[in-house]
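# Architecture and fold: a report
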Amino acid sequence: MIVVRKDSPLVIGKGDGENFISSDIPAYLKLTRNFYLLKDNEFAVLTQNDIKFYDNDLNPLQKNITKIDWDATSAEKNGYEDFMLKEIYEQPTAIRETIGNHLIAGQVCQFDELNFSKEFLSSIQKIYIVACGTAMHAGLTAKTMLENICEINTEVDIASEFRYRNPLINKNTLCIFISQSGETADTIAALKLAKSKGATTLAITNVEGSSITREADFVSYTHAGPEIAVASTKAYTSQITLLAILVIYFAEILNKNSETLADLKKSILELPTKAEQLLNHIEDIPEFAKEFYQNKDVFFLGRGLDYNTAAEGSLKLKEISYIHSEAFYSGELKHGPIALIESGTLVISILTVPDLIEKSISNIQEVITRGAKTLVITDKNLEHTNFSKMIKIPETNPFLSPILSIIPLQLFAYSITKQKDLDVDKPRNLAKSVTVE
Ligand code: M6R
């Protein structure tokens, strides 16, 4: 068999008396952990026992094997009904693995793969975070942290927009690209553009050896393990975790406020346990979902960081349940969206940002007055009891609350979809890796 890689990913698995080709690694983790990764325009000739590599001019190439340490059981359902459910419940482990050695109690954060200097970080005038879908939502939370903690001007861009909008970039720009798969065509194109304009590029991905890792100046990995379900869950919470540690790493190099950093570090280390506690206390979500699976619309509201959770919760719900859903900044409600509220509309609100709680509650009262049903996700002890349902999540450092507040919403989207008897892992019209524009 002769294969060539062109733009889309191509991975060759080396077996014992058998070899494999596929577009991603999880496809044959059961069969081998040894892979060869092809670059664009490289060829391979496979026989049962041999693999030979050639460049575009058919000169022979030597390639090293990439060994993947993901185990096969983590790419199997492991007793869960669906991959998505398994991946939701794997979040405590994924977060713990992602923290890894970057953050150890009482020590400064480490990113051996970056090794940035104070001189380099002080020269950065602007950071762009570029990604698609869920990965972009992780970037929104990182922006707030970078601006508030490191005081670096940061913008978040959707990759398919960034690549065509002639962004202002120079050698004092750092561009961070987030991609679970590392194969998203728009994100990779945006990275190439940023590089060509002189920016320093950093890729955050979950997949070793993926295309993005070969393009970026620097790479840092989340360690969520293979994510099989199309709907991203553990990759998202791992991305925010890694980005939070990255922000602390920058802040420590730049000598920023150490009190804030100390609390943030302590809170990150507590996250796996808090995610575990949360997962043990939301088993009534499927029952709540039964009431709403026939709804036509669901709206999500939030202010500040809670908006990011609203946007991600809404994406989760629409992509797998096919229910129309939208996220709004709570304060925008009266500028138009409130016209959509009618009797029985479900409005889901996230309330964790200190100082904004009372304002958001008054928005919720406005939709209740118009007949909406309400689900509230909060880490506060609220006295208002006229919500249809309230889910209490563990309290953490406010910058980290999006990591916990999304978990009930992932389970809600999952439960609604099961209720509709749809394929949770493989929603219609979607692919896990979007390798074309
Ligand atoms: O692999 P990537 O992180 O680059 O993928 C980006 C989006 O395609 C992805 O997050 C998508 O939005 C998910 N299906 C959402 O659950």
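Reading the values: rules and limits
- Once a new chain begins, its residue numbering starts again from 1 and follows that chain's sequence as written.
- Per-residue local features of the predicted model are confined to residues with pLDDT of at least 70, and side-chain atom pairs are confined, for both listing and counting, to 80 or more; whole-chain, interface and lining totals are unaffected and use all residues.
- Hydrogens and water molecules were not included; the side-chain quantities draw on all heavy atoms of the structure.
- Only rings of Phe, Tyr and Trp enter the pairing, Trp through its six-membered ring, and a pair is recorded when the two centres are within 6.5 Å. The plane angle decides the type: under 30 degrees is stacked, over 60 is edge-to-face, the rest tilted.
- Summary of the burial criterion: residues with accessible area below 20% of their type's maximum are buried, those above 50% are exposed, and those between are partly exposed, where the area comes from a 1.4 Å probe applied to protein chains only.
- Where helices and strands are cited, they refer to DSSP runs of H or I of at least four residues and of E of at least two residues respectively, numbered from the N terminus.
- Charge-over-ring placement is defined geometrically: NZ (Lys) or CZ (Arg) within 6 Å of the ring centre, and within 35 degrees of the ring normal.
- The cutoff for a nearby residue is simple: one of its non-hydrogen atoms must lie within 4 Å of the molecule or strand.
- Counting of polar contacts relies on pairs of N or O atoms within 3.5 Å, with two restrictions inside protein: one atom must be capable of donating a hydrogen and the other of accepting it, and residues adjacent in sequence are counted only when both atoms are side-chain atoms.
- Per-residue and other accessible areas follow the Shrake-Rupley method at a 1.4 Å probe size, with only the shown protein chains counted as cover for residues.
- Amino acids are sorted into nonpolar (Ala, Val, Leu, Ile, Met, Phe, Trp, Tyr, Cys and Pro), charged (Asp, Glu, Lys and Arg) and polar (every other residue, Gly among them).
- Note that domain bounds follow an automatic or database assignment of domains.
- In a helix, the anticipated span is given by 1.5 Å times the number of residues less one.
- Any two residues whose heavy atoms approach within 4.5 Å are treated as being in contact.
- Put simply, buried area is the surface a 1.4 Å probe can reach on two separate parts but cannot reach once they are joined, added for both.
- Note on definitions: salt bridges are taken to be side-chain nitrogens of Lys or Arg within 4 Å of carboxyl oxygens of Asp or Glu.
- We treat two strands as partners when DSSP finds at least two bridges between them.
- Handedness of a crossover is defined as follows: with both strands directed away from the viewer, a clockwise route from the first strand across the helix to the second makes it right-handed.
- Among the buried residues, those of types Ala, Val, Leu, Ile, Met, Phe, Trp, Tyr and Cys that are joined through side-chain atoms within 4.5 Å form a nonpolar core.
- For helices, the fitted line uses only the C-alpha atoms of the stretch in contact; every axis is such a line through C-alpha atoms, and the angle between N-to-C directions lies from 0 to 180 degrees.

### Considerations on the packing of aromatic side chains
For the coordinates displayed, the defined rule picks out 13 aromatic pairs. Taken together, a centroid distance of 4.8 Å and an interplanar angle of 50° make the contact between F116 and F120 tilted. For F116, a relative accessible area of 8% corresponds to the buried category. Considering the side-chain rings of F116 and F250, the 6.0 Å spacing of their centres and the 45° angle between planes classify their relative orientation as tilted. Of this pair, F116 sits in the loop between helix 2 (91-99) and helix 3 (118-123) while F250 sits in helix 8 (residues 234-253), and the two are 134 residues apart along the sequence. When its relative accessible area of 0% is taken as the criterion, F250 is described as buried. By the ring-pair criterion, three or more aromatic residues cluster together here, those being F111, F116, F120, F218, Y249 and F250. Over the ring of Y322 we find R428; its NZ or CZ atom is 3.8 Å from the centre of that ring.

### Describing the site of the ligand
Taken together, 15 residues sit near the ligand, with S179, Q180, S181, T184 and E319 positioned nearest. For the ligand, an oxygen atom lies 2.7 Å from a polar atom in the backbone of Q180. Backbone polar atom of S232 to an oxygen atom of the ligand: 2.8 Å apart, as the coordinates give it. The fraction of the free accessible surface of the ligand (410 Å²) that becomes covered by protein chains is 89%. Listed by contribution, the elements that provide at least two residues to the shell around the ligand are helix 4 (133-150) and helix 11 (305-321). Of the residues that constitute the shell around the ligand, the class distribution is 6 nonpolar, 7 polar and 2 charged. Counting the residues that make up the shell around the ligand, at least three belong to each of domain 2 (83-279) and domain 3 (285-419).

### Side note on helix 9 (residues 258-279)
For helix 9, built from 22 residues, the straight-helix expectation of 32 Å at 1.5 Å per residue is met to within 8% by its first-to-last C-alpha distance of 32 Å. If you check which residues of helix 9 are buried, you get L261, L264, K265, S267, I268, L271, P272, K274, A275, L278 and L279. Its buried side turned inward, helix 9 meets helix 1 (83-89), helix 2, helix 4, helix 8, strand 18 (389-392) and helix 13 (401-419).

### Observations regarding the domain arrangement of the protein chain
A common way to express how large an interface is: the accessible area buried when the components associate. Each assigned domain of the protein chain is listed here: domain 1 (2-70), domain 2 (83-279) and domain 3 (285-419). Distance between the C-alpha centres of domain 1 and domain 2: 29 Å. Of the residues lining the interface, 12 residues belong to domain 1; the matching set on domain 2 comes to 10 residues. Counting each side, the surface lost to burial between domain 1 and domain 2 is near 820 Å², with a carbon and sulfur contribution of 64%. On the surface where domain 1 and domain 2 come into contact, there are 0 salt bridges. The interface formed by domain 1 and domain 2 includes 2 residue pairs in polar contact (both at pLDDT 80 or more). Taken together, the residues that form the side of domain 1 that touches domain 2 break down as 8 nonpolar, no polar and 4 charged.

### Considerations on the pairing of strand 15 (residues 324-329)
Inspection of the sheet shows strand 14 (residues 297-302) paired to strand 15 by 6 bridges, in the parallel sense. Across the sheet, the residue bridging to V298 is S325, located in strand 15. In this view, the connection linking strand 14 to its parallel neighbour strand 15 by way of helix 11 has right-handed handedness.

### Digging into the sheet that holds strand 8 (residues 66-67)
Spatially, the 4 strands line up as an open sheet ordered 3-2-4-8, and their pairing is antiparallel. If you trace the sheet from one side to the other, it starts and ends with strand 3 (19-22) and strand 8, each paired once. Both strand 2 (residues 11-14) and strand 4 (residues 34-37) contribute to a ladder of 3 bridges, which runs antiparallel. By the bridge assignment for strand 4, V11 is matched with L37.

### What about the nonpolar core?
Residues I127, I176, L246, Y249, F250, I268 and F412 are the most contacted members of the largest nonpolar core, which totals 90 residues. When residues in this core are grouped by element, the largest group, 13 residues, is from helix 8. Apart from the residues within four sequence positions on either side, I268 is in contact with I99, L103, T241, A244, I245, I248 and L400. A159, A190, A194 and A216 belong to the second-largest nonpolar core, a separate cluster that totals 16 residues.

### Examining the sheet that holds strand 10 (residues 154-158)
The strand order across the open sheet formed by 5 strands is 10-9-11-12-13, and the pairing between neighbours is parallel. In this open sheet, the two edge strands, each paired with only one partner strand, are strand 10 and strand 13 (218-221). For this sheet, the mean inter-axis angle between neighbouring strands, taken without regard to orientation, is 20°. With 6 bridges joining them, strand 11 (residues 173-179) and strand 12 (residues 200-205) adopt parallel strand pairing. Bridge pairing in strand 12 links I178 to I204. Sheet strands touched by helix 6 (residues 185-196): strand 9 (126-131), strand 11 and strand 12. Its angle to strand 11, the strand with the most contacts, is close to 165°. The strands touched by helix 8 within the sheet are strand 9, strand 11, strand 12 and strand 13, with strand 11 carrying the most contacts at an inclination of about 160°.

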